[in-house]
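Next come the chains, spelled out residue by residue.
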Amino acid sequence: MTKEEIQSLLEKQRAYYRSGATIPVKFRIEQLKKLYAKVKSLETEICEALKSDLGKSAYESFMCEIGMVLTEITYMIKHTRSLAKRKRVSTPLAQFPSRSYKQPVPYGNTLIMSPWNYPFLLTVDPLVASIAAGNTAIVKPSAYSPATSKLVERIIKECFSPEYVAVVTGGRAENRALLDQKFDFVFFTGSQAVGREVLRHTAEHLTPVVLELGGKSPCIVDKSANIKLAARRIVFGKYLNCGQTCIAPDYILCERSVKDEFLKAVISEIEKQYGENPLANGNYGKIINEKHFARLCGLIDEKKVVFGGSADASTCRISPTVMDNVTYDDAVMGEEIFGPIMPILTFDDFDEVVDDLKTRDKPLALYLFTGDKGHIERVNSSLSFGGGCINDVIIHIATSNMGFGGVGESGMGSYHGKDGFDAFSHYKSMVDKKTWLDLPMRYQPYKSKLNEKLLHMFLK
């Protein structure tokens with residue numbers, strides 16, 4: 001789509017929003033029901049598209065994408081009416097007689113830019129929030145996941161008119177053309193590098209933005225942890241979607257006294273979950289493209305590989321790989337891995353680990369496996385990160401009752417459930433002042449002793 005076509009599309013959406021068509025809550029819920037029915041009817045096609053783009057099994061596609069989208073739509077259908085209501089707040093005595101409230105209103109015309117690693121979930125989930133909040137939306141899926149992007153385009157075309165919700169496909173040229181436009185709100189999920197570009201463009205128009213980025217999410221395993229269970233859960237989260245998950249445990253910080261036990265348990269779990277030859281496992285995915293495949297292969301230090309390390313360039317697949325005796329100077333620690341490579345670093349002093357993490361970029365997620373309540377409190381109170389789990393990984397994203405988002409280098413803003421509705425809404429603060437009484441103390445001249453006494457009484 002050309003820049004002129006994008007401008008024309010946005011103008012039509014602006015006119016549609018100004019007409020007030022998206023504001024009634026009944027309309028929003030009807031659109032959400034329509035989207036739910038369409039997703040349900042195309043489950044098989046969505047699974048096939050995800051298999052084509054990322055090699056995902058139907059089970060994983062439903063568990064990690066389709067099912068979560070349906071859950072989020074269901075939540076919004078149930079709660080949009082209450083979320084859209086004005087919220088009464090207390091009024092200071094100095095403003096008597098009046099009532100105060102906060103009124104959620106849509107931002108207006110929104111842009112949603114999604115990534116390739118969970119191309120259905122991370123496109124449709126924010127769209128659900130945008131619809132529930134009463135906005136129009138232009139959706140820009142990733143060019144790296146063409147099969148899913150094409151299906152998303154079909155779903156949106158069959159559900160909505162383009163002046164309400166539309167899809168723009170393409171690559172960098174389309175991204176630039178979109179970001180050159182003035183939207184009322186932009187929601188971006190992707191890499192830190194592209195996130196910086198989005199923020200530069202939105203700053204030109206003073207456009208509010210949510211950035212869902214990534215980073216190197218640490219996973220700490222101390223000596224009090226249930227090592228076998230920790231290994232099982234970490235292997236699941238690390239190699240899910242072939243490691244291409246923004247909240248995957250990026251690297252392991254394991255206490256030295258249990259490192260050998262943990263390593264043995266990890267290797268055993270990989271064999272249990274993926275078989276002796278993971279590259280022959282039809283339920284194990286693939287790297288998105290040759291570029292990322294080559295990048296990941298360049299991060300593997302064969303001298304430090306203790307398990308896995310095999311790769312098939314013809315299918316863009318890398319077996320679950322474990323690297324031991326890794327340091328922060330290794331290439332694998334220089335960037336977010338975003339692939340099936342597990343570096344293991346060791347520590348002797350838990351407090352030193354926490355102090356060191358304080359100096360590093362704030363990650364999107366942090367995971368702690370421990371039985372020590374003191375360690376849990378230390379991590380929760382001392383470290384800044386987007387979210388995480390104690391004695392598990394990944395699962396904090398799978399709820400509509402908590403917001404999901406990053407902080408600092410890993411992003412800004414959050415969504416899911418009420419947080420998603422709030423992200424796509426502006427809350428107007430309103431005072432409804434009554435006319436049957438008008439207290440004189442705020443008016444000049446400021447010479448009245450009675451007014452001065454009243455002022456001090458009300459504002460103390």
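Coordinates for the structure precede this section.
Residues numbered from 1 in each chain as written. Predicted model: local features only at pLDDT ≥ 70, side-chain atom pairs only at ≥ 80, totals over all residues. Heavy atoms only, no water.

> Honestly, the nonpolar core in this entry has me stumped. Any pointers?
Generally speaking, nonpolar side chains in soluble globular proteins are found buried as a group. Of all hydrophobic cores here, the largest spans 119 residues; its most connected members are Leu35, Ile234 and Phe262. Excluding residues that lie within four positions of it along the chain, Leu35 makes contacts with Ile73, Val124, Val128, Ile131, Ile155, Cys159 and Phe160. Counting residues in hydrophobic clusters, the runner-up holds 18 residues, among them Ile138, Leu179, Val186 and Val209. (Core = buried A, V, L, I, M, F, W, Y, C linked by side-chain atoms within 4.5 Å. Buried < 20%, exposed > 50% of the residue type's maximum accessible area, 1.4 Å probe, protein only. Contact = heavy atoms within 4.5 Å.)

> Looking at this model, I keep getting lost on the packing of helix H3 (residues 43-54) against helix H6 (residues 146-159). Mind explaining?
Think of two packed helices as two axes; the pair is described by the angle between the axes and how far apart they sit. At their nearest, the axes of H3 and H6 sit 7 Å apart, and the two run at 155° to each other. Judged by the inter-axis angle, H3 sits roughly antiparallel to H6. Packed against H3, whose contacting residues are Glu45, Ile46, Ala49, Leu50, Ser52 and Asp53, the element H6 presents Pro146, Ala147, Thr148, Leu151, Arg154 and Ile155 at the interface. Grouping the constituent residues of the contact of H3 with H6 by class yields 7 nonpolar, 2 polar and 3 charged. (Axes fitted to C-alpha atoms, helices over the stretch in contact; angles between N-to-C directions. Helix = DSSP H or I, 4+ residues; strand = E, 2+ residues; numbered from the N terminus. Parallel < 35°, antiparallel > 145°, perpendicular 65-115°, else oblique. Nonpolar A, V, L, I, M, F, W, Y, C, P; charged D, E, K, R; others polar.)

> It is not clear to me how the sheet that holds strand E14 (residues 341-347) should be interpreted in this structure. Could you clarify?
Think of a sheet as strands paired side by side through backbone hydrogen bonds, with each pair either parallel or antiparallel. Across the sheet, which stays open at both edges, the 7 strands sit in the order E10-E13-E14-E9-E8-E15-E16 with mixed pairing between neighbours. Bordering the open sheet on either side are strand E10 (305-307) and strand E16 (387-390), each of which pairs with just one other strand. Strand-to-strand twist in this sheet, taken as the mean axis angle between neighbours without regard to direction, amounts to 25°. Here strand E9 (residues 251-255) runs beside E14; their pairing, made up of 4 bridges, is parallel. Across the sheet, Glu255 pairs through a bridge with Phe347, a residue of E14. Across the face of the sheet, helix H9 (residues 227-239) comes into contact with strand E8 (218-221), E9, strand E13 (321-323), E14 and strand E15 (365-369) while running at roughly 140° to E14. (Pairing = 2+ DSSP bridges.)

> Can you walk me through the pattern of salt bridges in this structure?
Where charged atoms of side chains with opposite charge meet at close range, the side chains can pair. Applying the stated criterion across every chain, the model contains 20 salt bridges. Notably, a salt bridge pairs Arg200 with Glu197, separated by 2.4 Å at the nearest N-O pair. Placement of the pair is Arg200 and Glu197 together in helix H8 (residues 192-205), with a separation of 3 residues, close to one helical turn. For Glu197, a relative accessible area of 36% corresponds to the partly exposed category. For Arg360, the salt bridge identified is with Asp356, shortest N-O distance 2.7 Å. You can call Asp356 partly exposed: its relative accessible area is 26%. In the salt-bridge network here, residues are joined through shared partners; they are Asp351, Asp355, Lys358 and Arg378. (Salt bridge = Lys/Arg side-chain N within 4 Å of Asp/Glu carboxyl O.)

> Please explain a positive patch on the surface as it appears in this structure.
A contiguous patch of positive charge on the surface is contributed by Lys26, Lys33, Arg81 and Lys85. With respect to the helices and strands, Lys33 occurs in helix H2 (residues 25-41). (Patch = residues over 30% accessible without salt bridge, like charges linked within 9 Å, V, L, I, M, F, W, Y side chains within 5 Å. Areas by Shrake-Rupley, 256 points an atom, 1.4 Å probe, with all protein chains shown as cover. Lys, Arg positive; Asp, Glu negative; His and termini not counted. Charge placed at Lys NZ, Arg CZ, Asp CG, Glu CD.)

> Sorry, what's going on with the state of the cysteines here?
Defined simply, a disulfide is a covalent bond joining two cysteines at their sulfur atoms. By the definition in use, this model includes 0 disulfides. Left without a disulfide partner, Cys219 is nearest to the cysteine sulfur of Cys254, which lies 9.2 Å away. According to the relative accessible area criterion, Cys219 is buried, its value standing at 0%. Looking at the unpaired Cys316, the closest cysteine sulfur is the one in Cys297, lying at 8.8 Å. Judged by relative accessible area, which is 8%, Cys316 ranks as buried. (Disulfide = S-S within 2.5 Å.)

> Teacher, can you tell me more about the packing of aromatic side chains here?
The description of an aromatic ring pair rests on the distance of the ring centres and on the angle between the ring planes. Under the criterion given, the structure shown has 14 aromatic pairs. When the ring of Tyr107 is compared with that of Phe185, the centres are 4.9 Å apart and the planes differ by 5°; the resulting orientation is stacked. With Tyr107 in the loop between strand E2 (98-106) and strand E3 (109-113) and Phe185 in strand E6 (residues 185-189), this pair connects stretches of sequence that are 78 residues apart. Measuring from centroid to centroid gives 6.2 Å for Tyr251 and Tyr328, while their planes differ by 80°, and the two rings are edge-to-face. Here the residue Tyr251 occupies a position in strand E9, and Tyr328 occupies one in the loop between E13 and E14, the gap between them amounting to 77 residues. Through a chain of ring-to-ring contacts, three or more aromatic side chains come together here, namely Tyr107, Phe185, Phe187, Phe404, Tyr415 and Phe424. Here Arg86 stacks its cationic end above the ring of Tyr101, 4.2 Å away from the centre of that ring. Between the NZ or CZ atom of Arg360 and the centre of the ring of Tyr328, over which it lies, the distance is 3.5 Å. (Phe/Tyr/Trp six-rings, centres within 6.5 Å; stacked < 30°, edge-to-face > 60°. Lys NZ or Arg CZ within 6 Å of the ring centre and 35° of its normal.)

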